[in-house]
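Below, each chain spelled out in residue letters.
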Amino acid sequence: MSEIKEPLRILHFSDIHVGLQIRHMSWKKWFSKRAIGAINLLRGRAKYFDEVEEKIAALIRFKEANNIDLVIHTGDYTALGLESELKLAKQLVSPLMTPPQRYVTVPGNHDIYAHEASSHYRFSEQFCSVLQNDLPEYCRGGHWPLIRLVGDDVAVIAVNSSRPNPWPWRSNGSIPQEQLDALKEILEDSHIKNRYVFVITHYAPRLKNGLPDSKLHGLINADAFLETCKGIANGAILCGHVHQTYQVALEGLSCDLYCAGSATMEGHEGFWVYEVKNNHLKAKAVFWDAKNSSYRY
Ligand SMILES: [Fe+2]
Ligand SMILES: [Fe+2]
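These notes cover the structure that comes with them. (Residues numbered from 1 in each chain as written. Chains lettered and ligands numbered in written order. Predicted model: local features only at pLDDT ≥ 70, side-chain atom pairs only at ≥ 80, totals over all residues.)

Before going further, it helps to spend a moment on the sheet that holds strand 8 (residues 246-249). The strand order across the open sheet built from six strands is 4-5-6-7-9-8, with neighbouring strands paired in mixed fashion. The sheet is open, and its two edges are formed by strand 4 (146-150) and strand 8, each paired on a single side. Sheet twist, expressed as the average angle between the axes of neighbouring strands with direction ignored, equals 20°. Bridge count between strand 8 and strand 9 (residues 256-259): four bridges; the pairing is antiparallel. Each residue of the ladder has a partner; that of V248, found in strand 9, is L257. (Pairing = 2+ DSSP bridges. Helix = DSSP H or I, 4+ residues; strand = E, 2+ residues; numbered from the N terminus. Axes fitted to C-alpha atoms, helices over the stretch in contact; angles between N-to-C directions.)

Structure (structure tokens):
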């Protein structure tokens, strides 16, 4: 008799944008001239994230009520990547990080926004407990790619596409070639080959309509990334950055792309729950029920 297994349940959320009191801050205190435009731009957007703490609390309740085995966050925890914002974001999501082996994440462009020299270090410092790598021999810079083997059937491969990019009119990203080369090798590794594989990164290689994002907002080397992802035998690509929850088939690939959108942006709140069983994925979209201050399928 074949073994009957429970599906593995994965919650994938993104772009929570914990922004402190960005709308009430004095920019003169802490920024150079070129950041002023960015701050003004972000101040305008910040009002859509006013209820972020309440929504993250609801997300924690959702996780507890729905037997979630693994949590994935695809970046943009903050508005400006300030240490104080990263600390607050970490504090808010920390109930989702237990055990740390069951939480996988990448930084978003906003998490390394403002301080070029030490920005990656600052993100890693706050999130180090969940940056453990099960196959560190593939690391090609910092923590990336980061691989997590989950049970016997699932693997998550996190590649970092975010970089310091403080100009207000440009928020694009790129996956360094060394990480793409490593990803190609990882997908052929015997530890990975028979598992259902999630390749996660912040930037969306395709929009909802199947087309690439714009040059100034998107993943610059999206085509090279998708070419490498042709090595995914059984799996899915997960991303954030675009604040809309969507799924799209990818031309020439046997896997789909799932963008989590933003779990907290007013009017756009959403995320995904995936169930993986016998190498098959069932995806369920989750949305915000403002009336009941809770998330529901
Ligand atoms: Fe975002
Ligand atoms: Fe982003």
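Okay, the environment of K277 next. Within the element layout of this structure, K277 appears in strand 10 (residues 270-277). Taking the C-alpha atoms as reference, K277 lies 6.5 Å from L8; in sequence the two are 269 residues apart.

On a regular strand, one side chain projects to one face of the sheet and the next to the other, so that they alternate. Burial within strand 7 (residues 235-239) is extensive, with five of its five residues counted as buried. Of the two faces of strand 7, both are covered, the one formed by G235, I237 and C239 as well as the one formed by A236 and L238. Here strand 6 (residues 196-200) runs beside strand 7; their pairing, made up of four bridges, is parallel. Residue pairing for strand 7: I200 is matched across the bridge by L238. Each parallel crossover has a hand, and for strand 6 linked through helix 6 (residues 222-228) to strand 7 it is right-handed. Where strand 7 meets strand 9, four bridges bridge the pair, whose relative direction is parallel. Bridging from a neighbouring strand, I237 pairs with L257 of strand 9. (Buried ≥ 20, exposed ≤ 12 C-beta atoms within 10 Å, placed from the backbone. Right-handed = clockwise from strand over helix to strand, strands pointing away.)

Another point: the pairing of strand 10. Among the eight residues of strand 10, six are classified as buried, and the element is accordingly described as predominantly covered. As paired strands, strand 1 (residues 8-13) and strand 10 are joined by five bridges and run antiparallel to one another. Of the residues in strand 10, the one forming a bridge with L8 is V276. Between the end of strand 10 and the start of strand 11 (residues 280-289), which pair antiparallel, lie two residues, with N278 showing a positive phi angle near 50°.

Turning to unusual backbone geometry, a few remarks are in order. Of note, the bond from T98 into P99 is cis; its omega dihedral lies within 30 degrees of zero at -10°. Between W144 and P145 the backbone carries a cis peptide bond, its omega angle lying at -10°. Notably, N279 is not glycine yet its phi reads approximately 65°, a positive angle. Among the residues examined, N279 registers 14 C-beta atoms within 10 Å and is labelled partly exposed.

Ordered by their spatial adjacency, six strands build an open sheet running 3-2-1-10-11-12, and the pairing between neighbours is mixed. Edge strands, defined here as strands with exactly one partner in the open sheet, are strand 3 (103-105) and strand 12 (294-296). Mean inter-strand twist for the sheet, computed between neighbouring axes without regard to direction, equals 25°. Sheet contacts for helix 2 (residues 52-65): strand 1, strand 2 (70-73), strand 11 and strand 12; angle to strand 12, the most-contacted strand, approximately 50°. (Contact = placed C-beta atoms within 7 Å.)

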